[in-house]
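Listed below, chain by chain, are the residues.
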Amino acid sequence: VAADKRPDVILGVGDDAALLRLPANTDLVAAVDTLVAGRHFPLNSDPRSIGHRALAVNLSDIAAMGATPAWATLALTMPCADASWLQGFSAGLWQLADAHAVALVGGDTTAGPLTISIQILGVVDRGSALRRSGAQAGDILAVTGTLGDAGAGLALLTARLTTHDRAVADELIQRFEYPTPRVSFGTSARGIASAAMDLSDGLVGDLPKLAAASGVAAHVDVARLPLSRAMRALVPASQAREFALAAGDDYELLVAVPPRRLDDLAAAARQLNLTFTPIGELRPGNGVTWAFDGRPYAAPAHGYDHFR
């Protein structure tokens, strides 16, 4: 939304810095993510998708904290001043910003290889933010949505996979190009879930971070991972599980919830028409173990890694 539509923006774009007014009894939540052409998206990507994804990945971090997004700043580096590209990029960014009442309050534009950095700022009731460190042994592990779709969509975009089913391809590519940040679920989970994080690097890359932060061990039944019908139609089940575990770019939420509150969180998901699936549990100890229908399962060694 335009900065002048938010009364908490005292001073927006045009000065050396923005002035923002925090609501009473709230904590400020800040996150920043960078997208680099050729690393985070194909070089020929639709600029509208790039604008959407640049904001969506940041909104997902805000969602994982149970916070409400409010303001954003944008640092855009581009090879040249391409008016057509900027129009598409802006349309994708603004559409998502408007949907979440996020005001763009500042930024910077420079020349160079295409790189987009967005800082997102949000608010949460004081002391109530979800963290990775709040889980306890006995908590249930659950995820929103379906996993692996974005990775499969990227594989289709880059011709590492092919299909003659246009509907399947379109659905999976859409999941990569236009991820849906689970902001409403995140705010609903506050006060119910004990810990949360978003899944950006794949379950095998991200779950160990939550378990380590909380000082517990995690156990996952891989057979319970939620897989979309499009994914099942595209590849064999074993390959679908590999995508779900390690591909990354899902931007779904991973939560830990006490068993007595699981139904409450499932009800919140149903109100949002959102798939919500228990996939395992947290136990005393450390590390992550994987099983398939009760038998040990050899999960991929790692998720997405920028420097691998």
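Here the structure is shown first, and the text comes after it.
About the cut-offs
Per-chain numbering applies: the sequence of each chain, read as written, is numbered from 1 onward. Local features in this predicted model are restricted to residues whose pLDDT is 70 or higher, and side-chain atom pairs enter the listing and the counts only when it is 80 or higher, whereas totals over whole chains, interfaces and linings include all residues. Computation of side-chain values covers all heavy atoms of the structure but excludes hydrogens and water. Geometry is summarised by axes, namely lines fitted to C-alpha atoms with helices restricted to the contacting stretch, and by angles between N-to-C directions that run from 0 to 180 degrees. Only DSSP runs of H or I with at least four residues qualify as helices, and only runs of E with at least two residues qualify as strands; both kinds are numbered from the N terminus onward. If you view the pair so one helix is near and one far, a crossing is left-handed when the near helix is turned anticlockwise from the far one by less than a right angle, and right-handed when it is turned clockwise. Contact definition: two residues touch when any of their heavy atoms are within 4.5 Å. Classification convention: Asp, Glu, Lys, Arg as charged; Ala, Val, Leu, Ile, Met, Phe, Trp, Tyr, Cys, Pro as nonpolar; all other residues, Gly among them, as polar. Put simply, the grid is 1 Å and covers the protein atoms alone, a cavity is a trapped set of points that fit a 1.4 Å probe, a pocket is an open set with protein on both sides within 12 Å along at least five of seven lines, and lining residues have an atom within 4 Å of a point. Grid points are joined across faces, edges and corners, and a volume is the space filled by probe spheres set on the points. Only protein chains enter the area calculation, which uses a 1.4 Å probe; residues under 20% of their type maximum are buried, those over 50% are exposed, and those in between are partly exposed. A pair of strands is labelled paired if DSSP reports no fewer than 2 bridges between them. The salt bridge criterion pairs a side-chain nitrogen of Lys or Arg with a carboxyl oxygen of Asp or Glu, the two atoms within 4 Å.

**So, the packing of helix α1 (residues 47–64) against helix α2 (residues 83–99)**
Logical step 1: Close contact between α1 and α2 brings their axes to 6 Å; oriented N to C, the two are set at 35 degrees. Note on packing geometry: the crossing formed by α1 with α2 is right-handed. Note on element contacts: α2 touches α1 through Trp85, Gly88, Phe89, Ala91, Gly92, Leu93, Gln95, Leu96 and Ala97, opposite Pro47, Arg48, Ile50, Gly51, His52, Leu55, Ala56 and Leu59.
Logical step 2: Of the residues that constitute the contact of α1 with α2, the class distribution is 11 nonpolar, 5 polar and 1 charged.

**Overview of the layout of surface pockets**
Over the atoms, a rolled probe matching the size of one water molecule traces out where space is still vacant.
Logical step 1: Computed from the structure, the second largest pocket encloses a volume of approximately 210 Å³.
Logical step 2: Together, 13 residues line the second largest pocket, and Leu74, Leu104, Gly106, Asp108 and Thr109 are the ones closest to its centre.
Logical step 3: Split by residue class, the lining of the second largest pocket holds 8 nonpolar, 4 polar and 1 charged.

**Notes on the environment of Met78**
Logical step 1: Mapped onto the fold, Met78 is located in strand β4 (residues 68–78).
Logical step 2: In sequence terms Met78 and Gln271 are 193 residues apart; their C-alpha atoms lie 41 Å from each other.
Logical step 3: For Met78, the contacting residues outside a window of four places in its chain are Trp85, Leu86, Thr110, Ala111, Gly112 and Leu114.

**Focus on the pairing of strand β7 (residues 140–144)**
On any regular strand, side chains alternate: one points to one face of the sheet, the next to the other face.
Logical step 1: Most of β7 sits inside the fold, with 5 of its 5 residues counted as buried.
Logical step 2: Burial along β7 is two-sided: Ile140, Ala142 and Thr144 and Leu141 and Val143, pointing in opposite directions, are all buried.
Logical step 3: Here β7 runs beside strand β10 (residues 252–257); their pairing, made up of 4 bridges, is antiparallel. Paired with Ile140 across the strands is Val257, a residue of β10.

**Quick notes on the sheet that holds strand β13 (residues 295–296)**
Logical step 1: Taken together, the 7 strands give an open sheet; going across it, the order is β8-β10-β7-β11-β9-β12-β13, and neighbouring strands pair in mixed fashion. Looking at strand neighbours, the two that pair on one side only are β8 (195–199) and β13, the edges of this open sheet.
Logical step 2: Summarising the sheet, strand β9 (residues 217–221) and strand β12 (residues 288–292) pair through 4 bridges and their orientation is parallel. Bridging across to β12, Asp221 finds its partner in Ala291.
Logical step 3: Against the sheet, helix α6 (residues 203–214) contacts β7, β8, β9, β10, β11 (276–283) and β12, and its axis sits at roughly 160 degrees relative to β8.

**Considering the pattern of salt bridges**
Any two side chains of opposite charge can pair, given that their charged atoms come close.
Logical step 1: Applying the stated criterion across every chain, the model contains 12 salt bridges.
Logical step 2: The shortest N-O distance in the salt bridge between Lys209 and Asp201 comes to 3.3 Å.
Logical step 3: Judged by relative accessible area, which is 15%, Asp201 ranks as buried.
Logical step 4: A salt bridge links Lys209 to Asp206; the shortest N-O distance between them is 3.2 Å. A residue pair is termed a helical-turn pair when its members lie 3 or 4 positions apart in one helix, as Lys209 and Asp206 do in helix α6 at 3 residues.

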